[in-house]
Amino acid sequence: MGGVPETHSGWTFLTNHARVLAAIADDQNTRIRDIAARCRLTERAVQKIIADLEQGGYLTHTRQGRTNEYHIEPGTGLRHPADAGLSVAGLLSVLAQHDAERDTRSQRLQTASVSEQGSAADE
């Protein structure tokens, strides 16, 4: 999982802050190293983003032995004025729905591929 994150040029729809928050929403006990690998960021960048999210009131953490347990503040509003009235919980809900749909599509494609391989072997 280590290694250098892939480089990306150009713009994206989701900010790195949103990606880190979504990773934490999936696993509140996740390690910075794992968030960095998932989001394709450096560990230092993830540490900075987590500090930003905590300073903004979106996230808190408690120390659990050698790890952190993160807590997302779901009612916190998004920062941009155009997003007034939208909460972190709403954003995370949309991202979770997208992930579920993506996983379903992926499973269908894998099933179709296995079926095609089986049909080819029967011939």
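Please read these numbers as outputs of a predicted model, since none were measured by experiment. (Residues numbered from 1 in each chain as written. Predicted model: local features only at pLDDT ≥ 70, side-chain atom pairs only at ≥ 80, totals over all residues. Heavy atoms only, no water.)

How should I be thinking about the packing of helix α1 (residues 16–26) against helix α2 (residues 32–39) in this particular structure?
One can describe the packing of α1 onto α2 by two numbers: an axis separation of 10 Å at closest approach and a directional angle of 125°. Overall, the two elements α1 and α2 adopt an arrangement that is oblique. Relative to α2, α1 is oriented so that their crossing is right-handed. Where α1 approaches α2, its residues R19, V20, A22, A23, I24 and D26 are matched on the opposing element by I35, R38 and C39. Class assignment of the residues belonging to the contact of α1 with α2 gives a composition of six nonpolar, no polar and three charged. (Axes fitted to C-alpha atoms, helices over the stretch in contact; angles between N-to-C directions. Helix = DSSP H or I, 4+ residues; strand = E, 2+ residues; numbered from the N terminus. Parallel < 35°, antiparallel > 145°, perpendicular 65-115°, else oblique. Left-handed = near helix turned anticlockwise from the far one by under 90°. Contact = heavy atoms within 4.5 Å. Nonpolar A, V, L, I, M, F, W, Y, C, P; charged D, E, K, R; others polar.)

Help me understand the environment of T12 in this model?
Take T12: it is sitting in the segment before α1. Polar contacts involving the side chain of T12 include one to the main-chain carbonyl oxygen of L14, which spans 2.9 Å. (Polar contact = N/O pair within 3.5 Å; in protein donor to acceptor, adjacent residues only side chain to side chain.)

Just checking my understanding: could you explain a nonpolar patch on the surface for this structure?
Where nonpolar side chains cluster on the molecular surface, the patch consists of W11, F13 and L14 and spans about 430 Å² of accessible area. Mapping W11 onto the fold places it in the segment before α1. (Patch = residues over 30% accessible without salt bridge, like charges linked within 9 Å, V, L, I, M, F, W, Y side chains within 5 Å. Areas by Shrake-Rupley, 256 points an atom, 1.4 Å probe, with all protein chains shown as cover. Salt bridge = Lys/Arg side-chain N within 4 Å of Asp/Glu carboxyl O.)

When you look at α2 in this model, what are you seeing that I'm missing?
Quick reminder: α-helices carry 3.6 residues per turn. Residues three or four places apart thus point the same way. Within α2, the full set of buried residues consists of I35, A36 and C39. Within α2, the buried residues cover an arc of 100° as seen down the axis, which keeps them to one side. Buried residues belonging to α2 abut α1 and α3 (43–55). Downstream of α2 by one or two residues, R40 has phi in the positive range, about 60°. (Buried < 20%, exposed > 50% of the residue type's maximum accessible area, 1.4 Å probe, protein only. Arc of directions from axis to C-beta.)

Is there a simple way to explain α3 in this structure?
Here α3 contains 13 residues, and its C-alpha end-to-end distance of 18 Å stays within 8% of the 18 Å for a straight helix at 1.5 Å per residue. Taken together, the buried positions of α3 are occupied by V46, I49, I50 and L53. When α3 is viewed along its axis, its buried side chains cluster within an angular range of 100° and face the same direction. Exposed side chains of α3 directed beyond 90 degrees from the buried face belong to R44 and Q55. Next to the buried residues of α3 lie α1, α2, β1 (59–64) and β2 (67–72). (Expected span 1.5 Å × (residues − 1).)

Looking at this model, I keep getting lost on the environment of V20. Mind explaining?
Summarising the element assignment, V20 is placed in helix α1. The class for V20 is buried, based on a relative accessible area of 0%. When the C-alpha positions of V20 and L41 are compared, they lie 9.4 Å apart, and in sequence the two are 21 residues distant.

Please explain unusual backbone geometry as it appears in this structure.
Comment: phi is negative for the bulk of residues other than glycine, and the bulk of peptide bonds are trans. The backbone of R40 shows a phi angle near 60°, a positive value even though the residue is not glycine. Within the secondary structure, R40 sits in the loop between α2 and α3.

Where do I start with the packing of aromatic side chains in this structure?
The geometry of two aromatic rings is summed up by the distance between their centres and the angle between their planes. A complete count under the given rule lists one aromatic pair for this structure. Ring centres of W11 and F13 lie 4.9 Å apart, and the angle between their planes is 75°; this geometry places the pair in the edge-to-face category. For W11, a relative accessible area of 65% corresponds to the exposed category. (Phe/Tyr/Trp six-rings, centres within 6.5 Å; stacked < 30°, edge-to-face > 60°.)

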